[in-house]
Amino acid sequence: PVLLGCGSAQPGGCPALCECSEPARTVKCVNRNLTVVPPDLPPYVRSLFITGNPLTDLPAGAFPAQRLPDLASLNLSGNHLRTVEAGSLALPALRQLDLSGNALVSFSPQAFGDGGSPLEELALRGALRDHGVLLSLAALLQSGALRNLSRLELADNGLLLLPAGMFTALPALRQLDLSNNSLVGLRNVSFQGLGQLQSLNLSDNSLGMLWNSTLAQFRSLPALRHIVLRHNTWVCDCAIEDLVAWLKESDQVEGKEALTCASPDKMLGKALLKINGSDLNCSVPIDLPSQLQTSYVFLGIVLALIGAIFLLVLYLNRKGIKKWMHNIRDACRDHMEGYHYRYEINADPRLTNLSSNSDV
């Protein structure tokens, strides 16, 4: 196909500063210093590349659905996008969207319109550095607007934790890439409902442990056969026994032989698959929630015992306590009667004069 660079737009032709191929139904606007989406994109376009431009905002109607009914693949990577407004991506045929390499600070949960979107692949590599954008994306995914999504790429975003329930409304998801982040745990992440999930990339994070609840979810996903865990900071203490047992029995983890301990020092570099009970010197597995629950129960028993002892002491000394209370009552009554007597004297002038004369 011949790529035509046009200096000005022509009816049904190519926008200025873009290269177009009508036979391939492709338009490329790459490194053209564009600050807005070209308003005169040809209606035949199926694959659109607008990359490497100082484009900062996608307003509503940036890609008119009536004018671009066949636009299926949209690459907006490597721009300077900061805001994606509601309705800016409401395209009826959109299947692939790449927003990687942008510095997003605002991503409307209604970016794909009020109805559902046919989107199947979404790439956001290095575009979610702002925590507010992550929460907006989670709201978008949880709304069910992207139920057809089969591939989601969230790598290179420095993510520490993921919002709870972020992936629960993605029943068609097959590939999930969370690599090269800073994830320290997955306990609040639910993979339930991802019955089609085949590949999960968790490499190059800061995972020190995968708890039983997460491992149970992995076991329950019938299609999940490719889990990547390399280059994480595994902590090889007593709590890692369940993870080691799962690795030895599971065929889901790619390259599990290369997984090694990052701490403590005595276990540094030791392969997880070669760890046994004698290396860890653990009598029982350690589960922090169980420990906390046991501590709370013990504290409750101690407090109940102290309360029972206190009530028993009160019961055994009930007569002495009753006498003590009566004494206090009598003392208070005598004291109040003295105050009352003085008040009567002060209130009666005759008694006041008499009191003064008697003093003289």
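What counts as what
- Residues numbered from 1 in each chain as written.
- Predicted model: local features only at pLDDT ≥ 70, side-chain atom pairs only at ≥ 80, totals over all residues.
- Heavy atoms only, no water.
- Core = buried A, V, L, I, M, F, W, Y, C linked by side-chain atoms within 4.5 Å.
- Buried < 20%, exposed > 50% of the residue type's maximum accessible area, 1.4 Å probe, protein only.
- Helix = DSSP H or I, 4+ residues; strand = E, 2+ residues; numbered from the N terminus.
- Contact = heavy atoms within 4.5 Å.
- Pairing = 2+ DSSP bridges.
- Arc of directions from axis to C-beta.

Looking at an unreviewed UniProt entry, one finds the protein named TPBG protein and attributed to Cardinalis cardinalis.

Engineer: Which residues make up the nonpolar core, and what are the values?
Structural biologist: In terms of nonpolar packing, the biggest core is built from 89 residues, with F63 and F167 touching the most fellow members. A total of 6 residues in this core trace back to one element, the largest contributor, which is helix α1 (residues 131–142). Among residues more than four places away in sequence, those in contact with F167 are L152, L154, L162, L176, L178, V189, S190 and L194.

Engineer: Before we move on, could you go through the sheet that holds strand β5 (residues 57–58) and cite the residues and values that matter?
Structural biologist: Sheet strands pair via backbone hydrogen bonds, and the direction of the pair is either parallel or antiparallel. A sheet is described by the order of its strands in space; here 3 strands give the open sequence β5-β7-β9, paired in parallel fashion. The open sheet is flanked by β5 and β9 (106–107), the only strands paired with a single partner. Sheet topology note: the strand β7 (residues 83–84)/β9 ladder contains 2 bridges and is parallel. Paired with V84 across the strands is F107, a residue of β9.

Engineer: Any details on helix α3 (residues 241–249)? Residues and values, ideally.
Structural biologist: The set of residues buried in α3 consists of L243, V244, W246 and L247. Down the axis of α3, the buried side of the element spans an arc of 160 degrees, and every buried residue falls inside it. Against α2 (212–220), β14 (226–228), β15 (234–235) and β16 (253–254) lie the buried residues of α3.

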